[in-house]
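# Analysis of the macromolecular model
Single-letter residue listing:
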Amino acid sequence: METQTPALSSQIDQLRIEALSAIAEASDALALKEARVRYLGKTGSVSLLSEGMRTLSKEERPVMGKLLNDLRTTVTAALDEKESVLTIQADAAALASIDTSLPGTAPGAGSLHPLTLLVDRAVQIFRRLGFAIADGPDIESEWHCFDALNTPADHPARNEQDTFYLPDGRLLRTHTSSIQIRTMVANPPPIRIIAPGAAYRRDEVDATHLAQFTQMEGLYVAPSVSLADLKGTIEFFFRELFGAGTEIRFRPHFFPFTEPSYEIDLRTEALGGKWMELAGCGMVDPAVFEEVNKKRGDNAYDPEKVSGFAFGFGLDRLAMNLTGVSDIRMLTENDLRFLSRFTA
Ligand code: PHE
């Protein structure tokens, strides 16, 4: 049988020369793409040539196969290289039209969130009274959030409907009062702390409720701390925050971890002159001290020797009133048009 190898191999050489010069001449991305299709596409020249392989003898096939493969590799490499050259040229051309001597666009500096501003102000006031900042984890044990706070297992606050439980039994703290416990377990009295932080409840989110909100806890434990100290501290704080004309009202209430307990209402012209409910507070229940002592393994919080007060404010409602916002969700939406109104 007559060998076809020389004919085919010269066709391959021919095609290589043709393809490489077409690629070299392609002056833009479109022309290059056309060249790629013309030579490497499904019905391109290289593929057509490969079909000719079928007529070859067994001995010739591998030789020609290799030549064709080499051709394909060479053409592909030339296409790729030309493509990157064209990209670099196109980028340079685009940049050439930019006037780098023009002034840039200044990035916005941002501003503090109204809640952050409120927390900062509150912390400053309490610092002047000698309160230090304390902290605790958002993911809490049931013991820190409930048991140690004299809140037994059948208390409604522990209901699954109200609380986000994790599969391992821990939960997202329902109030910052757990930080009272953490602070006392870790430190002997005297204690004088405030603790701003997030709290979580399974509330339906609407204009006045969020499932995550911000509280500020306070705790003062020392020999002979009295209800008068609590009242004086609260009044001082809110008059510093809203002005001397601010009225405070203590309404008897119930919390498992304070006795007696109160809710605090406040009225000030700065907030529209209406009574608003702001906080819970009370004298630390001796049962809480006993539970802390058990954990500590000592009697540092002897209810006969120390007493204390605790309070917890909801900060979101305060921030709403201060900023005149009617929908609490605006505090979480990070809408810059809203936030930029409150730059410090
Ligand atoms: N933890 C209570 C709440 O979230 C508030 C509170 C704090 C009450 C401290 C008394 C003492 O409703």
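Residues numbered from 1 in each chain as written. Predicted model: local features only at pLDDT ≥ 70, side-chain atom pairs only at ≥ 80, totals over all residues. Heavy atoms only, no water.

When you go through the protein chain residue by residue, the secondary structure sums to 11 helices and 9 strands. For 344 residues, the compact-globule estimate of 2.2 N^0.38 gives 20 Å, and the C-alpha radius of gyration of the protein chain, at 38 Å, exceeds that figure by more than 25%. Referenced to the eigenvectors of the C-alpha coordinate spread, the extents of the protein chain come out at roughly 115 × 55 × 35 Å. Relative to its full complement of 344 residues, the protein chain shows a buried share of 41%. Contacts spanning at least 24 positions in sequence make up 68% of the contacts within the protein chain whose residues lie at least 6 apart. For the protein chain, the exposed area adds up to about 18,900 Å²; of that, 54% sits on carbon and sulfur atoms. Taking the average place of the 35 positive charges on the side chains of the protein chain and the average place of its 48 negative ones, the gap between the two points comes to 1 Å. (Helix = DSSP H or I, 4+ residues; strand = E, 2+ residues; numbered from the N terminus. Rg over C-alpha atoms; globule rule 2.2 N^0.38 Å. Buried < 20%, exposed > 50% of the residue type's maximum accessible area, 1.4 Å probe, protein only. Contact = heavy atoms within 4.5 Å. Areas by Shrake-Rupley, 256 points an atom, 1.4 Å probe, with all protein chains shown as cover. Lys, Arg positive; Asp, Glu negative; His and termini not counted. Charge placed at Lys NZ, Arg CZ, Asp CG, Glu CD.)

Our focus in this paragraph is the nonpolar core. One finds I234, F237, F238, F311, F313 and L318 to be the most contacted residues of the largest nonpolar core, which totals 44 residues. Looking at which element gives the most residues to this core, the answer is helix 5 (residues 114-128), with 7 residues. Apart from the residues within four sequence positions on either side, F311 is in contact with F126, I194, M216, E217, G218, L230, I234, G280 and C281. (Core = buried A, V, L, I, M, F, W, Y, C linked by side-chain atoms within 4.5 Å.)

To continue, consider unusual backbone geometry. Cis geometry marks the peptide bond from P189 to P190, where omega comes out at 0 degrees. Topologically, P190 is positioned in the loop between helix 7 (178-186) and strand 4 (191-200). A cis amide bond, omega -5 degrees, links E259 with the succeeding residue P260. If you trace the backbone, P260 turns up in strand 7 (residues 258-267). With a phi angle near 45 degrees, S224 is a residue other than glycine that sits in the positive phi range. Note that S224 resides in the loop between strand 5 (212-222) and helix 8 (227-242). In this structure, N334 takes a positive phi of about 55 degrees despite not being glycine. By secondary structure assignment, the location of N334 is in the loop between helix 10 (315-323) and helix 11 (336-339).

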